[in-house]
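A structural walkthrough
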Amino acid sequence: MNVMQKGDRLLALSNLGFAYAAFLIGTLCGLLQVFIRNDALTLPSWLDYYQVLTAHGLLLAIVFTTFFIFAFFQAGMSRTLGAFGPKVLLWNWIGFWVTSIGTLLVVVMVISGQASVLYTFYAPLQAHGLFYVGLALFVIGTWIQGFALVGHYIVWRKQNKGELSPLFAFMTVATVILWVIACLGVVATVLFQFIPWAFGWAQGINVELSRSLFWYFGHPLVYFWLLPAYMAWYVIVPKIIGGRVFSDSLARLSFVLFILFSIPVGFHHQLTEPGIASFWKFLQTVLTFMVIIPSLMTAFSMFATFELRGRELGGKGLFGWVTKLPWRDVRFTSIFIAMAFFIPGGAGGIINASFQMNEVIHNTLWVVGHFHITVGTPVAMTFFGLTFWLIPHLTGRRFTKSLQKLAFLQIGTWSIGMLLMSTAQHMLGLLGAPRRTAYTGYAHEDAQAWFEGVLSNHVTMAVGGSILFLSAVLLIFIVVQLWWLAPKADESTFMHFPIADSDSSSTPKFLENWKIWIGVAFILIALAYTIPLSEIIQHAPPGSDRFQTW
Ligand code: HAS
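Residues numbered from 1 in each chain as written. Predicted model: local features only at pLDDT ≥ 70, side-chain atom pairs only at ≥ 80, totals over all residues. Heavy atoms only, no water.

**Observations regarding the overall build of the chain**
Where we set the bar: What counts as a helix is a DSSP run of H or I of at least four residues, what counts as a strand is a run of E of at least two, and both are numbered from the N terminus. What the globule rule says is 2.2 Å times the number of residues to the power 0.38, and the radius of gyration is computed from C-alpha atoms. Relative accessibility decides the category of a residue: with a 1.4 Å probe and only protein chains considered, values under 20% of the type maximum give buried, values over 50% give exposed, and everything between is partly exposed. For accessible areas, the Shrake-Rupley method is used with a probe of radius 1.4 Å. Any residue's cover is judged against the shown protein chains and nothing else. None of His or the chain ends enter the tally, which takes Lys and Arg as positive and Asp and Glu as negative. By convention, charge coordinates are those of NZ in Lys, CZ in Arg, CG in Asp, or CD in Glu.
Looking only at helices and strands, the chain features 16 helices and zero strands. Over its C-alpha atoms the chain spans a radius of gyration of 23 Å, differing by no more than 12% from the 24 Å that the globule rule assigns to 550 residues. Its C-alpha atoms give the chain principal-axis dimensions of about 60 × 50 × 45 Å. Split into buried and exposed, the 550 residues of the chain put 60% on the buried side. Only carbon and sulfur atoms are counted for the fraction: they give 69% of the accessible area of the chain, which is about 22100 Å². Computing the positive centroid from 29 side-chain charges and the negative centroid from 21, the chain places the two 13 Å apart.

Below you can see the structure in the form of structure tokens.
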């Protein structure tokens, strides 16, 4: 392992800084939402609920995650493969700036009230053209950063011919491949549909095509969030607990399966939409069930790592090993809680993906509950756990005992807040409460009764949301301390970068033959999408006019 160079550290820190600025504003928007829905807050006339909701979704789900992920990749790649060369560093910086400029453009458009289109920016809602230009820049910037990291990996492979790359690097490259292929859909709809339409160069928009291209991107997007969390589970957690990666080949295979199956499944977000024949929805539903497999493999692998380590430390009986795990280390406990949240989160996903059951939950608050216990906790809380060692490592400061105690309070409050809020959302959704609405106080008494349960009411959501916001402020406090104020550590801190080595001696080499996997991924995409997309284009109704409801 290499000591990270100053330039590489600054790059990762810049991405982290952007991520946490977005996190603070995004969680504040979340707080406003739960109070508005609870009728406890009326926004001033210049601020609209949908504006706040758009900012909330974009800042947390897209900006916080993406900037954090690149910081993590950059730190880990520099550490495992060696310091970035000048070209790799330069391209990473260019990518960072392009992503940042795109983000700022999008945020300005949302704040100025010209893009209250939510993070899915469904047509025929139309934002200002610059909003879409900002989105395009954002994606291009991430591609530049991604390609720069792949360039770094290629240099390493040339220098280490015939060897499998370290697991961290392999997983980074797999995630970048997934991201680039996924973005093709959103790039196509933004460049060829939204931008010409929004600037008035094209009349009308093919709504179904734009939604299908969006979801071609939108589902693998969730794995772009999840895979870095899985990287932490596979390679960081074993190191923290003093154990080992259960199986190098299992870990690599699970990432390869994500490249294959996470993309040709977007129709499971469109099961209720007309214009797509049932056969194609069914096919993509089946493929969705394939993409569950690598998550089940990951769950198995995690249990194995924990049990092996617990038994090594003397744990006896069926569950005695559980008590041997390092529960007092918040970097472990935070990530363990994140995993535990993913059990109901993943089960909810399986319900969503079941063709018939989707009828019950689609467009209800259930889905909002689902994504708060997938991206909002398993992913986000894994990122919190990473933050607790990543920032000290990058800034050379100490994660002191008192900060560790605060960190426990932070993850505890996040868990409680999320439990309350997402349980209420799941229950309300099952009863029928819709999502994406500013208010749900309908006149009909049956609908009003949905909100009268102990858990299923807006007060629970508001209490949960408030606890979450307090937790977010606490996290920002910890981040600021670790960045600027905590006592300086000695040089050895720079060596404490907990990435586990894995034994790849019996791993089949073809797992790292990207040409095969990219090829198979495109074949599956072609099978799942060519005919339905061409039908959507051939049988398109007249393009829709623009709608701006704000
Ligand atoms: Fe999802 C909607 C299906 C996973 C995020 N999803 C969404 C939306 C978001 C989202 C943001 O099929 C809303 C989009 C919108 O705005 O409209 N989802 C799935 C399926 C999975 C899944 C099948 N989703 C995720 C992940 C997300 C995410 C991950 C973010 C990171 N989702 C859907 C569907 C919809 C949907 C439909 C559309 C609904 C609609 O109609 O609108 C699967 O990938 C889930 C597989 C996961 C598992 C769990 C494995 C468990 C593990 C934990 C092990 C724990 C350990 C600790 C070791 C099978 C790995 C042990 C601890 C103990 C205490 C014992």
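Structure shown, so let's carry the discussion forward.
**A look at the pattern of salt bridges**
The condition that has to hold: Should a side-chain nitrogen of Lys or Arg be within 4 Å of a carboxyl oxygen of Asp or Glu, the pair is scored as a salt bridge.
Scanning the model with the defined rule gives six salt bridges in all. The closest approach of N and O atoms between Arg252 and Asp248, which form a salt bridge, is 2.8 Å. Here Arg252 pairs with Asp248, and both are found in helix α7 (residues 248-261), just four residues apart, close to one helical turn. Note on accessibility: Arg252 and Asp248 belong to one class, buried. Arg252 serves as the salt-bridge partner of Glu512, at 3.5 Å between the closest nitrogen and oxygen. Of this pair, Glu512 sits in the loop between α15 (458-485) and α16 (514-538) while Arg252 sits in helix α7; the two residues are 260 residues apart in sequence, bridging distant segments of the chain.

**Description of the coordination of the iron atom of the ligand**
Inclusion rule: Listed donors are limited to N, O and S atoms within 2.8 Å of the metal, widened to 3.2 Å for Na, K and Ca; water is not among them, so incomplete-looking sites are possible.
The sole protein-derived ligand of the iron atom of the ligand is His370 (NE2), positioned 2.2 Å away. The residue His370 is located in helix α11 (residues 365-372) in this model.

**What to know about the site of the ligand**
Formally: Consider each residue's heavy atoms; a residue with any of them within 4 Å of a molecule or strand counts as near. Within 3.5 Å is the distance limit for a polar contact, defined as a pair of N or O atoms, with the added protein rule that one can donate a hydrogen and the other accept it, and that residues adjacent in sequence qualify only through two side-chain atoms.
Surveying the vicinity of the ligand reveals 37 residues, the closest of which are Tyr119, Tyr223, His362, His370 and Arg435. Ala353 is positioned such that a nitrogen or oxygen atom in its backbone is 3.1 Å from an oxygen atom of the ligand. Between the ligand and Arg435, the relevant distance is 2.8 Å, taken from an oxygen atom to a side-chain nitrogen or oxygen of the residue. Per-element tally for the shell around the ligand: the top contributor is helix α9 (residues 330-353), with nine residues.

**As for the side chain of Ser544**
As for its position among the elements, Ser544 is in the segment after α16. Note on Ser544: relative accessible area 18%, which makes it buried.

**Focus on the nonpolar core**
Our working rule: As used here, the term nonpolar core means buried Ala, Val, Leu, Ile, Met, Phe, Trp, Tyr and Cys residues forming a set that is joined through side-chain atoms within 4.5 Å. What makes two residues a contact is simply this: any of their non-hydrogen atoms within 4.5 Å.
In this structure, Leu16, Tyr20, Phe23, Phe121, Phe131, Tyr132 and Phe384 are the most contacted members of the largest nonpolar core, which totals 185 residues. Dropping the residues within four chain positions of it, Phe384 is found in contact with Tyr20, Phe23, Phe64, Gln410, Trp414 and Leu475.

**Considerations on the packing of aromatic side chains**
The criterion, for reference: Here a pair means two rings of Phe, Tyr or Trp (six-membered ring of Trp) with centres within 6.5 Å. Their orientation is stacked below 30 degrees between planes, edge-to-face above 60, and tilted elsewhere.
All chains considered together, the criterion is met by 52 aromatic pairs. A centroid spacing of 6.4 Å and a plane angle of 70° characterise the contact between Tyr230 and Phe342, whose relative ring orientation is edge-to-face. Of this pair, Tyr230 sits in helix α6 (residues 207-241) while Phe342 is found in helix α9, placing the two residues 112 residues apart along the sequence. The exposure classification of Tyr230 matches that of Phe342, with both residues buried.

**Let's talk about the packing of helix α8 (residues 278-312) against α16**
Which entries qualify depends on this criterion: Lines are fitted to the C-alpha atoms to define the axes, a helix being fitted only along its stretch in contact, and any angle between axes, read from their N-to-C directions, falls within 0 to 180 degrees. Working definition: roughly parallel below 35 degrees, roughly antiparallel above 145 degrees, roughly perpendicular at 65 to 115 degrees, and oblique for all remaining angles. In a left-handed crossing the near helix is turned counterclockwise from the far helix by less than a right angle, and in a right-handed crossing that turn is clockwise.
Look at α8 against α16: their axes get within 10 Å of each other, and the N-to-C directions meet at 155°. Judged by the inter-axis angle, α8 sits roughly antiparallel to α16. In the packing of α8 onto α16, the handedness of the crossing is left-handed. Contact with α8, carried on its side by Trp280, Leu283, Gln284 and Leu287, involves Leu527, Ala528, Tyr529, Ile531, Pro532 and Glu535 of α16 and no other residues of that element.

**Concerning the environment of Val265**
Residue placement: Val265 occurs in the loop between α7 and α8. For Val265 and Met290, which are 25 residues apart along the polypeptide, the C-alpha to C-alpha distance reads 9.7 Å. With sequence-adjacent residues up to four places away left out, Val265 is seen in contact with His219, Gln284, Leu287, Thr288 and Tyr529.

**Considerations on the side chain of Gln51**
Relative to the helices and strands, Gln51 resides in helix α2 (residues 49-81). Given the relative accessible area of 6%, Gln51 is considered buried. At 3.1 Å, the side chain of Gln51 forms a polar contact with the backbone oxygen of Val110.

**Points about the environment of Leu428**
Within the secondary structure, Leu428 is located in helix α13 (residues 401-431). Along the primary structure Leu428 and Ala500 are separated by 72 residues, whereas in three dimensions their C-alpha atoms are 42 Å apart.

**A look at α6**
Quick note on the threshold: Given the number of residues in a helix, its expected span is that number minus one, multiplied by 1.5 Å. Here the bend at each residue means the angle between axes fitted to two seven-residue stretches, the one ending at that residue and the one beginning there.
Here α6 spans 50 Å end to end across 35 residues, near enough to the 51 Å set by a 1.5 Å rise per residue. Where α6 bends most, at Val235, the angle is about 35°, and the proline Pro238 comes one to four residues later. Most of α6 is tucked away: 32 of the 35 residues are buried. Capping the start of α6 is the job of one residue whose side-chain oxygen sits 3.4 Å from the backbone nitrogen of Glu208: Asn206. Taken from the residues just after α6, Gly242 is the one with a positive phi, measuring 80°.

**A few points about the packing of α11 against α13**
We count it as follows: As a working rule, the residues Ala, Val, Leu, Ile, Met, Phe, Trp, Tyr, Cys and Pro are called nonpolar, Asp, Glu, Lys and Arg charged, and the rest polar, with Gly in that last group.
Direction vectors running N to C along α11 and α13 enclose 150°, while the axes themselves pass 6 Å from each other. Taken together, α11 and α13 sit at an angle that is classed as roughly antiparallel. In this structure, α11 crosses over α13, and the sense of that crossing is left-handed. Residue-level inspection shows Leu365, Trp366, Val368, Gly369, His370 and His372 of α11 in contact with α13, the latter providing Met418, Met421, Ser422, Gln425, His426, Leu428, Gly429 and Leu430. Split into classes, the residues belonging to the contact of α11 with α13 amount to seven nonpolar, seven polar and no charged.

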